[in-house]
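Residues per chain are reported as follows:
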Amino acid sequence: DTAVSQTPKYLVTQMGNDKSIKCEQNLGHDTMYWYKQDSKKFLKIMFSYNNKELIINETVPNRFSPKSPDKAHLNLHINSLELGDSAVYFCASSRVNGELFFGEGSRLTVL
Amino acid sequence: AQSVTQLDSQVPVFEEAPVELRCNYSSSVSVYLFWYVQYPNQGLQLLLKYLSGSTLVESINGFEAEFNKSQTSFHLRKPSVHISDTAEYFCAVTPSSGGSYIPTFGRGTSLIVHP
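Residues numbered from 1 in each chain as written. Chains lettered and ligands numbered in written order. Predicted model: local features only at pLDDT ≥ 70, side-chain atom pairs only at ≥ 80, totals over all residues. Heavy atoms only, no water.

Novice: Looking at this model, I keep getting lost on the overall build of chain A. Mind explaining?
Specialist: Within chain A, the regular secondary structure consists of 0 helices and 11 strands. Order of helices (α) and strands (β) in chain A, N terminus to C terminus: β-β-β-β-β-β-β-β-β-β-β. The C-alpha atoms of chain A give a radius of gyration of 13 Å, which matches the 13 Å a tight globule of 111 residues would have. Over its C-alpha atoms, taken along the principal directions, chain A stretches across nearly 40 × 25 × 25 Å. Here chain A holds 111 residues, and 45% of them are scored as buried. Long-range contacts, defined as pairs at least 24 residues apart, comprise 51% of the intrachain contacts of chain A with a sequence gap of at least 6. Put simply, chain A has 13 plus and 12 minus side-chain charges, and the middle of one group is 5 Å from the middle of the other. (Helix = DSSP H or I, 4+ residues; strand = E, 2+ residues; numbered from the N terminus. Rg over C-alpha atoms; globule rule 2.2 N^0.38 Å. Buried < 20%, exposed > 50% of the residue type's maximum accessible area, 1.4 Å probe, protein only. Contact = heavy atoms within 4.5 Å. Lys, Arg positive; Asp, Glu negative; His and termini not counted. Charge placed at Lys NZ, Arg CZ, Asp CG, Glu CD.)

Structure below.
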């Protein structure tokens, strides 16, 4: 039973399109995150939600919009995709002490 | 605010050799410390953590890390590596007080084990 699951695993799309990535966790955690990992493996936090409320919104373009319908789900919608958006996007949830549980990642390729 | 420095971006070693991956952090408050491992084409998974108590912590696959408060370090070591240890390793910290447990990550160290 996967703890943090995200879909789809791969997305290939054209510039200018809109795409969404879904994430669900069954660990009962209150906090969820979206991270972006670039080609050099650097992890950048994008958003953090605690109990459906946004608590961190790092400097990301407003083409990226997270949505948390309940505390077990945190989806990421991206409008008007650009070449530089190509990356692996990770969803994660955390315990109170900050220990993170990651999904398998969604590899986005923008052509 | 916290920061994490992983000085080595890449560490090549031969199989069965010892290895140390370095992690230093900066923080104005006490922290919890973590090492995560990312195998190729996978997500990150927790390798080991320091929350309190003994400063030496161990993982089930032979890695250990020691929290050194005076040197603000949490270096990861293994006495004898396997090919299967080839992966990206990330050090992370979170504040242990203040209500915000948002992790800060280092840039990662790529461990490459050669036969």
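Read on for the rest.
Novice: Quick question: what am I supposed to make of the state of the cysteines here?
Specialist: Two cysteines joined by a covalent bond between their sulfur atoms form a disulfide. A full pass over the atoms with the stated rule returns 2 disulfides over all chains. Residue Cys23 of chain A pairs covalently with Cys91 of chain A via a disulfide, S to S 1.8 Å. When the S-S torsion is -75 degrees, as for the bridge of Cys23 of chain A with Cys91 of chain A, the disulfide is left-handed. A residue pair is termed long-range when its members are at least 10 positions apart, and Cys23 of chain A in strand β3 (residues 19–25) and Cys91 of chain A in strand β9 (residues 87–94) qualify at 68 residues. Residue class for Cys23 of chain A comes out buried when judged on its relative accessible area of 2%. Disulfide partner of Cys23 of chain B: Cys91 of chain B, at an S-S distance of 1.9 Å. For the disulfide bridge between Cys23 of chain B and Cys91 of chain B, the dihedral angle about the S-S bond is near -65 degrees, and by the sign convention the bridge is left-handed. In this pair, Cys23 of chain B is assigned in the loop between β3 (19–21) and β4 (24–26) and Cys91 of chain B in strand β10 (residues 87–95), connecting sequence segments 68 residues apart. (Disulfide = S-S within 2.5 Å.)

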